Amino acid sequence: MKRLTLTRFMIEEQRRSGVLRPELRLLIETVARACKTISHAVGKGALGEVLGSLGSENVQGEVQKKLDVIANELLLEANEWGGHLAAMASEEMEAIHRIPNRYPKGEYLLLFDPIDGSSNIDVGLSVGTIFSVLKAPADASGRDIVEQDFMQPGTSQVAAGYAIYGPQTILVLTLGTGVYEFTLDREVGSWQMTDGPLQLPAGTCEFAVNTARHEQWSPAVRRYLDERLAGVNGPCGKDYNMRWTASMVADVHRILKRGGIFLYPADHRTAGKARLRLMYEANPMAFLIEQAGGAATNGVERILDVQPRGLHERVGVILGDRTEVETVTAYGSVSV
Ligand code: F6P
Ligand code: MN
């Protein structure tokens, strides 16, 4: 079967819409190439001596795994010299990373979570890379990029996506004109389109949430989950399934393909603050989910409308099937 490659898809998209600029195409190609290398490192596992922790902590206070740091370096190195970027930001770096002066600079800002779901690395389960692309503000040309230049709501994203390193290596991408899935042909080394435009299936009775946090949720979130756990005898009148991979990429991918809802609301453990990061986890996923016909909220407002105040700001996340997202938010405040 003849399939569309990622390169050809983007060239045709560029011709068709006229919106996709060659520099953005180069950026996506570069990220996709880095993801191939990360996939290779992840796939080696214990054989490549890439597993385990480094003994250091990132800015979030999380223990850094070797692969977190390797993947971060791979993304930085791949994207530094192409001339398409003004700066980068990552979950693994406290401050933004400006393009060194020896390289030409472009107009885009790239944000990423190099390895999402890292607790899964050492036990051979799916992890992924999440990325989001913004444009540097017009007044930034000719001066150094500062963190404030990244403080744009998710609606300003020009592209977003993730790679998932699981049974297959898959790239899911949106350029704001639908969501497309590409599977890595490992023998040839090329990304081949395998699905899209994706439409989030409605009406799937499946939720993804860390139920161990039940006692720490707001009454609204507890009510929503308790009703679903009541199954056929609950107000929904049907049995639900629960699935939790503890890797946002894997859980969101399942929801994009099969439907359902993902919740990581704020809980008491974090003094009312949530766990997931707005700029390189929630925003790119919200963009993808909306592009596939779903909804994404922090419980108060649409995630894509949240005005960021810091690079590593955290946000409550409820996303997926539009009807389910509306149901839980209608139950009252999801903050604690
Ligand atoms: O990046 C944070 C993350 O690893 C997500 O990928 C995942 O959804 C979540 O944290 C898992 O959280 P928990 O450890 O509470 O299951
Ligand atoms: Mn993550």
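Residues numbered from 1 in each chain as written. Chains lettered and ligands numbered in written order. Predicted model: local features only at pLDDT ≥ 70, side-chain atom pairs only at ≥ 80, totals over all residues. Heavy atoms only, no water.

Novice: Please clarify how the site of ligand 1 should be interpreted in this entry.
Specialist: Close contacts around ligand 1 come from D116, G117, N210, W244, A246, S247, M248, Y264, R275, L276, R277 and E281, and that covers them all. One of the side-chain nitrogen or oxygen atoms of R275 is found 3.1 Å away from an oxygen atom of ligand 1. Between ligand 1 and the protein, one listed contact pairs an oxygen atom with a side-chain N or O atom of R277 at 3.5 Å. Taken by itself ligand 1 offers 400 Å² of open surface, and the protein chains cover 87% of this. Because more than half of its atoms lie within 2 Å of the grid, ligand 1 is assigned to the largest pocket. Looking at the shell around ligand 1 residue by residue, the classes come out as five nonpolar, three polar and four charged. (Near = heavy atom within 4 Å. Polar contact = N/O pair within 3.5 Å; in protein donor to acceptor, adjacent residues only side chain to side chain. Areas by Shrake-Rupley, 256 points an atom, 1.4 Å probe, with all protein chains shown as cover. 1 Å grid on protein atoms, 1.4 Å probe; cavity = no way out; pocket = protein on both sides within 12 Å on 5 of 7 lines; lining within 4 Å. Sits in = over half its atoms within 2 Å of the grid points. Nonpolar A, V, L, I, M, F, W, Y, C, P; charged D, E, K, R; others polar.)

Novice: Can you help me understand helix α6 (residues 278–291) in this one?
Specialist: Since there are 3.6 residues in each turn of an α-helix, residues three or four apart along the chain are aligned in direction. Where burial is concerned, most of α6 is hidden: twelve out of the 14 residues are buried. Among the residues trailing α6, G293 stands out with phi positive, at a value near 95°. (Buried < 20%, exposed > 50% of the residue type's maximum accessible area, 1.4 Å probe, protein only. Helix = DSSP H or I, 4+ residues; strand = E, 2+ residues; numbered from the N terminus.)

Novice: Would you mind going over the state of the cysteines with me for this structure?
Specialist: By definition, a disulfide links the sulfur atoms of two cysteines through a covalent bond. For the structure on display, the rule yields zero disulfides. Free cysteine C205: the closest other cysteine sulfur is in C236, separated by 7.7 Å. (Disulfide = S-S within 2.5 Å.)

Novice: For this particular structure, what's the right way to read the pattern of salt bridges?
Specialist: Should their charged atoms come close, side chains of opposite charge can pair. Considering all chains together, one arrives at 20 salt bridges under this definition. The partner of E107 in a salt bridge is R21, with the nearest N and O atoms 2.4 Å apart. Placement of E107 in the loop between β4 (97–98) and β5 (108–116) and of R21 in the loop between α1 (6–17) and α2 (22–44) is noted, with a sequence separation of 86 residues between them. Classification of E107 as partly exposed rests on a relative accessible area of 28%. In this structure R21 comes out as partly exposed when scored by relative accessible area, which is 34%. Between R228 and E324 there is a salt bridge whose closest N-O contact spans 3.1 Å. (Salt bridge = Lys/Arg side-chain N within 4 Å of Asp/Glu carboxyl O.)

Novice: Please clarify how the coordination of the manganese ion (ligand 2) should be interpreted in this entry.
Specialist: Each pair of donors in an ideal octahedron of six around a metal sits at 90 or 180 degrees, and each pair in an ideal tetrahedron of four sits at 109.5 degrees. Coordination of the manganese ion (ligand 2) by the protein comes from D113 (OD), D116 (OD) and E281 (OE), over a distance range of 2.0 to 2.2 Å. For the manganese ion (ligand 2), all donor residues lie on one chain, and their spacing in sequence is D-x2-D-x164-E. On the criterion of sequence distance, the pair formed by D116 in strand β5 and E281 in helix α6 is long-range, its members being 165 residues apart. With respect to class, D116 is no different from E281; both count as buried. (Donors = N, O, S within 2.8 Å, 3.2 Å for Na, K, Ca; no water.)

Novice: Please clarify how the packing of aromatic side chains should be interpreted in this entry.
Specialist: Scanning the model with the defined rule gives five aromatic pairs in all. Ring geometry for W244 versus Y264: centroids 5.9 Å apart, planes at 55°, classification tilted. Highlighted residues: W244 in the loop between β12 (241–242) and α5 (248–258) and Y264 in strand β13 (residues 261–264), separated in sequence by 20 residues. The partly exposed category is assigned to W244, whose relative accessible area is 26%. Linked through ring pairs, F9, Y180 and F182 together constitute an aromatic cluster. The ring of Y331 carries R223 above its face, with NZ or CZ at 3.6 Å from the centroid. (Phe/Tyr/Trp six-rings, centres within 6.5 Å; stacked < 30°, edge-to-face > 60°. Lys NZ or Arg CZ within 6 Å of the ring centre and 35° of its normal.)

Novice: I'm lost on the sheet that holds strand β15 (residues 317–320) in this one. Help?
Specialist: Pairing between sheet strands relies on hydrogen bonds along the backbone, with the strands arranged either parallel or antiparallel. Taken in spatial order, the five strands make up an open sheet running β12-β11-β13-β15-β14, and their pairing is mixed. Pairing within the sheet leaves two strands with one partner each, and these edge strands are β12 and β14 (295–297). Relative to β13, strand β11 (residues 206–208) is paired through two bridges, and the arrangement is parallel. If you follow F207 over to β13, its bridge partner there is I261. Strand contacts of helix α4 (residues 219–229): β11 and β13, with the helix running at about 140° to β13, the strand carrying the most contacts. (Pairing = 2+ DSSP bridges. Contact = heavy atoms within 4.5 Å. Axes fitted to C-alpha atoms, helices over the stretch in contact; angles between N-to-C directions.)

Novice: What exactly am I supposed to notice about the side chain of S90 here?
Specialist: Checked against the element boundaries, S90 lands in strand β3 (residues 85–90). Reaching out from S90, the side chain makes a polar contact with the side chain of N72 at a distance of 2.7 Å. Looking at S90, its side chain comes within polar contact range of the main-chain nitrogen of E92, at 2.9 Å.

Novice: Explain the layout of surface pockets to me, please; I cannot follow it from the model alone.
Specialist: Empty space within the largest pocket amounts to approximately 410 Å³. Surrounding the largest pocket, 26 residues form its lining, G117, S118, S119, A246 and R275 being those nearest its centre. Elements with a minimum of two residues in the lining of the largest pocket: β2 (63–65), β5, α5 and β13. With three residues, β5 is the single largest residue contributor to the lining of the largest pocket. A class-by-class count of the residues in the lining of the largest pocket yields eight nonpolar, six polar and twelve charged. Counting contributing residues, the lining of the largest pocket receives three or more from each of domain 1 (6–195) and domain 2 (206–330). (Points joined across faces, edges and corners; volume = space filled by probe spheres on them. Domains from an automatic or database assignment.)

Novice: Honestly, the sheet that holds strand β8 (residues 169–174) in this entry has me stumped. Any pointers?
Specialist: An order of β4-β3-β5-β6-β7-β8-β9-β10 is seen for the eight strands of this open sheet, with the pairing classed as mixed. Either end of the sheet is taken by a strand with one partner, and the two such strands are β4 and β10 (190–195). Relative to the sheet, α5 contacts β5, β6 (127–135), β7 (159–165), β8, β9 (179–185) and β10, its axis offset from that of β7 by approximately 105°. In the packing of α6 onto the sheet, contacts are made with β3, β5, β6, β7, β8 and β9, and the angle to β6 comes to roughly 85°.

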